[in-house]
Amino acid sequence: MHSLPTHMVEIVPCEDGYRWIIRARGGAVVESSPYAFMSSNGARISGECWKREHFTDSQSD
């Protein structure tokens, strides 16, 4: 059984590097990183971990 992702991680450049933004499927911002990362990959890893901890769909376990 495959479920659609309920949230997406978006990486955006900022003055200090990169930040992540978590968006709901409809596009609304539900969370953003409180600090910047030196690389876009670092921001993506952090955002994906944050998303998994806070928005894990119970059906995907």
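Before reading on, note that the structure itself is shown above.
Residues numbered from 1 in each chain as written. Predicted model: local features only at pLDDT ≥ 70, side-chain atom pairs only at ≥ 80, totals over all residues. Heavy atoms only, no water.

A. Layout of the pattern of salt bridges. Applying the stated criterion across every chain yields a total of two salt bridges. Salt-bridge contacts for R23 lead to E10; the nearest nitrogen and oxygen are separated by 2.4 Å. Within this pair, whereas R23 is found in strand β2 (residues 17-24), its partner E10 is found in strand β1 (residues 7-14), the two being separated by 13 residues in sequence. K51 serves as the salt-bridge partner of E48, at 3.3 Å between the closest nitrogen and oxygen. With E48 and K51 both in helix α1 (residues 40-55), this residue pair falls three residues apart, about one helical turn. Residue classification places K51 among the buried positions, given a relative accessible area of 19%. (Salt bridge = Lys/Arg side-chain N within 4 Å of Asp/Glu carboxyl O. Helix = DSSP H or I, 4+ residues; strand = E, 2+ residues; numbered from the N terminus. Buried < 20%, exposed > 50% of the residue type's maximum accessible area, 1.4 Å probe, protein only.)

B. Structural view of the pairing of β1. In this structure, β1 lies alongside β2, joined through eight bridges in antiparallel fashion. Along β2, the bridge assignment pairs V9 with I22. In this structure, the hairpin formed by β1 and β2 is closed by a connection of two residues. (Pairing = 2+ DSSP bridges.)

C. Up close: the packing of aromatic side chains. Counted according to the given criterion, the structure contains two aromatic pairs. Look at W20 and W50: their rings are 5.5 Å apart centre to centre, the planes differ by 35 degrees, and that puts the pair in the tilted class. Highlighted residues: W20 in strand β2 and W50 in helix α1, separated in sequence by 30 residues. Judged by relative accessible area, W50 falls into the partly exposed class, the value being 22%. Here Y35 and F37 contribute two aromatic rings whose centre-to-centre distance is 5.3 Å and whose plane-to-plane angle is 50 degrees, an arrangement assigned as tilted. With relative accessibility at 15%, the residue F37 sits in the buried group. (Phe/Tyr/Trp six-rings, centres within 6.5 Å; stacked < 30°, edge-to-face > 60°.)

D. The sheet that holds strand β3 (residues 29-32), seen in detail. Strand order in the open sheet made by the three strands is β1-β2-β3, with antiparallel pairing throughout. Only two strands of the sheet have a single partner each, and these edge strands are β1 and β3. If you compare each strand with its neighbour and ignore which way they point, the axes differ by 30 degrees on average. As judged from the three bridges shared by β2 and β3, these two strands associate in the antiparallel manner. Residue pairing across strands places R23 opposite V29, the latter belonging to β3. Helix-sheet contacts for α1 involve β1, β2 and β3, and the interaxial angle to β2 is about 30 degrees. (Axes fitted to C-alpha atoms, helices over the stretch in contact; angles between N-to-C directions. Contact = heavy atoms within 4.5 Å.)

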